[in-house]
Each structure stands twice: as structure tokens, then as C-alpha cells.
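Tertiary structure, described
For reference, the chains in residue letters:
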Amino acid sequence: MAILLDNLGDLERTHSCGELRAEDAGKTVVLMGWVAVRRDFGPLTFVDLRDREGLMQVVFNEETAPEAHARAKELRGEYVVAVRGEVVPRSEATRNPRLSTGDIEVRARELLVLNEARTPPFQLDAPPDKLASEDVRLKYRYLDLRRPQLQANLRLRARVVSEIHRFMDGEGFTEIETPILIKSTPEGARDYVVPSRLHHGKFYALPQSPQIFKQICMIAGLERYYQIARCFRDEDLRADRQPEFTQLDVEFSFASPEQVYRLIEGLMQRVFRLVGVELPEKFPRLTYAEALRRYGSDKPDLRFGMELQDLSHALEATTFAPFALVFEKGGEVKGLTLKGGAHLSRKSLDELQEFTRRYGAGTYTPLWVTDFPMFEYDEEHERFYAMHHPFTSPLDEDLPLFERAVEGGETALLGNLRAKAYDTVINGIEVAGGSIRIYRQDVQRLVFKALGLSEEKARARFGFFLDALEFGTPPHGGIASGIERLLMALAGIDNIRDVMAFPKTASAADLMIDSPGELDPSQLDELHIRIVED
């Protein structure tokens, strides 16, 4: 049965639940928030009141505040209330050292019940290993977001973005917004496409990144651009990917890789100080080839210090079929050295791996991975693709080889080309990636040709950009840092959805608003779209 609700009127909150301390004893305060827990002890009723700053224990005494006490008996979890009362010290026996407010409580004199609540479909204060399934929590995301950990993540995110703005503004960069409705350029991940009502049979695409537009800003003479940009990719999802995401996007003219490194090292140092971490002034560097050789990954986690050891010479005479097959194909067999690990069982090794995955391994270790391959070969489609994107410049010393590969028809040489591309890696997470761009039209045309684009197709897709390159384009370069991945590294989280307010599932669905959804027939008619059943 519904209870009688009160109006807030002109009552104003004086303090948050989490900010009061022992020195506030004696103050009359007004608190507002949600009922986390109610404990009934006859003439005394205790309520843990929660807002975004924390918890405060509120005591309702039948003897000193009978009306408020009677109303407190009606309270249930997640009811929204306002309380007026006095801050008093707790007795030594009832102090709660687990709470920042655990030395005090509020003795209530007045209670307003502002709204009631259904029983939540899951326990909001459950420990991490007892949480409801992620699908249930995403369906009721507005409840899941009441959990203190998620709120802390989102507030850290806001602080990080604010610090980025301050840093980039201080470095003389201009924040410039680029379009969201653009043209599809099918290279790399799939585009999200948007049908045009006014232009029959034509489509916009949502940007995978502002790449071309930020390069246009360099051609326009703006020289130093940045943006906190929304980006979209229609690709299969993983724990560190979402169909829509946010990135710090940076571009500047007359840039060398060294300038980019210094800029991002300074930015990362500023951002990581928000969580009390001092990063080194200069990050160590590994080339892509060296990273693969030593760690078997282009984003190695250097905290473990465990490099691959080549075992090929010791095993070259083996009859063990899997190894023998590797040697037959010209490959190598490598292994890791774990000192003192000979006695560990497979179960122990699995548990160690799970422990380090979940809880991390202590100190932060950043590095640069440089000199990525310019192209990678796709066996399925039997062609080369740009490893980063088709606007990445080759190393200067590889340019003659590039011309030979494309103009001389020696396409196999494309696999040997190195790019002026670089990634920032922290604890095995790629938190930023960028490159020095192509600024010469002749080199850009070579890239398009290497990717199998005819002159006609290149003109249809990128004609405006090729034209722009003819009007005094300065050398330029930049980088983009995924805000969500950066937050994952900062907060030590392995699920990207925990640093986003309203994420999608692994199948790119929003369970809360039931998206994607169907369109009305009238909307489809306006767009000249017909749904064809399989």
C-alpha cells in the first residue's frame, strides 16, 4: 500500500552524507538521499542514508522525536528521504571504523519521505563476487549506477577529462568540434551508417575517428587541435571495446615523434597524479619487432619483467610433433622463465594468472611501442591492409622501398615497410595510439594504390582530401587516447563497461532502453527503406 509522501518545498540540503566528521558534532544538518539499510530496534530505528558522497547513520528515537520515528518505521530500501537532525558522537562501542563517517551519527528530529521505491531486482551493496549478472544490472542500469564503485569511476572520469582540458589548453591547443554525420570510407572497422531522408538512396556514416577532419585542420593552418571526441565502430566487441566510445584526439603541425612523446608523457603524468601515481618523466621505448621478440605482444605488461627465451636451439632435435611442425615452417619455440616455479602445479599457475588479472601487479609501467608495420596481410582476402589507417606515413628511410613495392609491382615488399606509428602502453593496456601523417599527395596516392584503390575509387572516397593536400600541407602528426581504456588503467578495471555510464552489451545492445529497435513503417517510407526478411 502506498504511503503518504511529503513535498520538499524550500528545504535545502546543508551537507552530503559522506562529508560530516567528528568535528561537526553539535551542528544541525539537513541530509537527503536514499535509504540503504533500515534496522528496527523497537524504540530506536537506525537508517543508513546514502548519497553520492557516502553513508551516514541516522537514529530515530521514539522518545525524543515520536513523529519522525513513526514515519521511519515505513521506510524501505531505496526510499528517497530528507532528514533534519543534530550531529552527535557515537559511543566508543558503536563506532564503525569501516566508514569515513563512522565516529558520528545524526539524531533525527524531522523526516520527510519524498518518494517510495519498489524492491530492487538485485542487491546494490553485494560484494563484487556476489553481484547480479551483468545483463540484469545493465537492464536496470539506473540502479546499478547507485553502487559507490561505479559512481567513483564516473567521477574519476570527469576529473580526468577536466585535467585533460586544462593540460591541452595550457599547451596552446585549440578545442575544435568535428562533424558526426560524415561520409563512409570503408577501410578498417565497419561504419555505422545513417540513411538520408533528403538525399534519396544516400547515407551518412558515424565517424570511427575524426582523422581526416583533424588533418584538414592542419591544412587550414590551425596548427594545434584537440577534441574530446565521440567515435563509433560497428565491430565485434570485447571486454575493452564498445560500439561507441570517447577519445582524446590530438593533432599538431610540424610535429616529430619526439614532440608527440613529450606531450603525451606530460599529459599522462598529470592524469595519473589524480590517483596518486607518479609516472617516469620519460617512458621506455620498444620497437614493434622488439616487443614481439621479447614479450610476444605489441602491448606488453612490463610489471612482470618476464621476457620470452628462445628455446629453438635446445629443442631442434625434438620429435614432439607440435614443435617439429613449427621448426619445419621456419618458426621458433619460446618460453617464459618463472624463477622458483618448477614446483607449481597447473592449478597453481592458473590461480596465479587469475589473481594478477583481477588484482593487478602493483606499480604502473608505461612504455612506447614504435615503428609498427605499415601494412598487414589478410590471408582471407589475399590483400594488404593499413595496420593503423591509410594516412600514416612510412619511415623516411623506407620510402624508396615503398615506391618499389607499389610502382614496381613487388607487392610482397609491403610487409617489410615500417610506419611512423606509435602506441602508449600502460600495464598491458594500449591507452593511446598515433602516427606522423602523410602530407604529400604523391605518397598518399601510393598508399591508396597499395590498398587496391583505383584512381577512380580513391577520387570518389577521398577526392576532397587529395585536393586539400595540394594547397601547402605542413608536416603534421598526432595521437588519440581512448578515455575508457585510460580509465581502465587508472582504476585497475578489466571491464570497459565499468567506466561508462550507459554501455552496451557484448552484442551492442542497450538492455535498459531496448536498443536497437524497429522503426515505424512511416519512418521507413520516408527514408525509402524496405526490410527484406532472410
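Quick look at the structure, then.

Thresholds applied
Residues numbered from 1 in each chain as written. Predicted model: local features only at pLDDT ≥ 70, side-chain atom pairs only at ≥ 80, totals over all residues. Heavy atoms only, no water. Axes fitted to C-alpha atoms, helices over the stretch in contact; angles between N-to-C directions. Helix = DSSP H or I, 4+ residues; strand = E, 2+ residues; numbered from the N terminus. Parallel < 35°, antiparallel > 145°, perpendicular 65-115°, else oblique. Left-handed = near helix turned anticlockwise from the far one by under 90°. Contact = heavy atoms within 4.5 Å. Nonpolar A, V, L, I, M, F, W, Y, C, P; charged D, E, K, R; others polar. Salt bridge = Lys/Arg side-chain N within 4 Å of Asp/Glu carboxyl O. Buried < 20%, exposed > 50% of the residue type's maximum accessible area, 1.4 Å probe, protein only. Polar contact = N/O pair within 3.5 Å; in protein donor to acceptor, adjacent residues only side chain to side chain.

**Let's talk about the packing of helix H4 (residues 148–170) against helix H6 (residues 257–272)**
Two quantities define a packed helix pair, namely the angle between the helix axes and the distance between the axes. At a minimum axis distance of 10 Å, the contact between H4 and H6 shows a crossing angle of 140°. By the angle between their directions, the pair H4 and H6 is classed as oblique. Here the hand of the crossing between H4 and H6 comes out right-handed. Taken together, the residues of H6 that come into contact with H4 (itself represented by Val160, Glu163, Ile164, Arg166, Phe167 and Met168) are Leu263, Gly266, Leu267, Arg270 and Val271. For the contact of H4 with H6, a count of residues per class yields 7 nonpolar, 1 polar and 3 charged.

**Overview of the pattern of salt bridges**
Across all of its chains, the model carries 39 salt bridges by this definition. As a salt-bridge pair, Lys214 and Asp249 come within 2.9 Å of each other at their nearest N and O atoms. You can see Lys214 sitting in helix H5 (residues 211–219) and its partner Asp249 sitting in strand E10 (residues 244–253), a full 35 residues away along the chain. On the basis of relative accessible area, Lys214 is assigned to the buried category, the value being 1%. For the salt bridge of Arg303 with Asp301, the shortest nitrogen-to-oxygen distance reads 2.5 Å. What you see here is one network of salt bridges that share partners, running through Arg137, Arg141, Asp144 and Arg147.

**Brief notes about the environment of Arg497**
When you line up the elements, Arg497 lands in the loop between helix H14 (483–491) and helix H15 (521–527). Spatially, the C-alpha atoms of Arg497 and Arg241 are 8.7 Å apart, while their sequence positions differ by 256 residues. In this structure Arg497 touches Glu134, Leu138, Arg141, Gln242, Pro503, Lys504, Thr505 and Ala506, once residues within four positions along its chain are discounted. For Arg497, the side chain forms a polar contact with the side chain of Glu134, separated by 3.0 Å.

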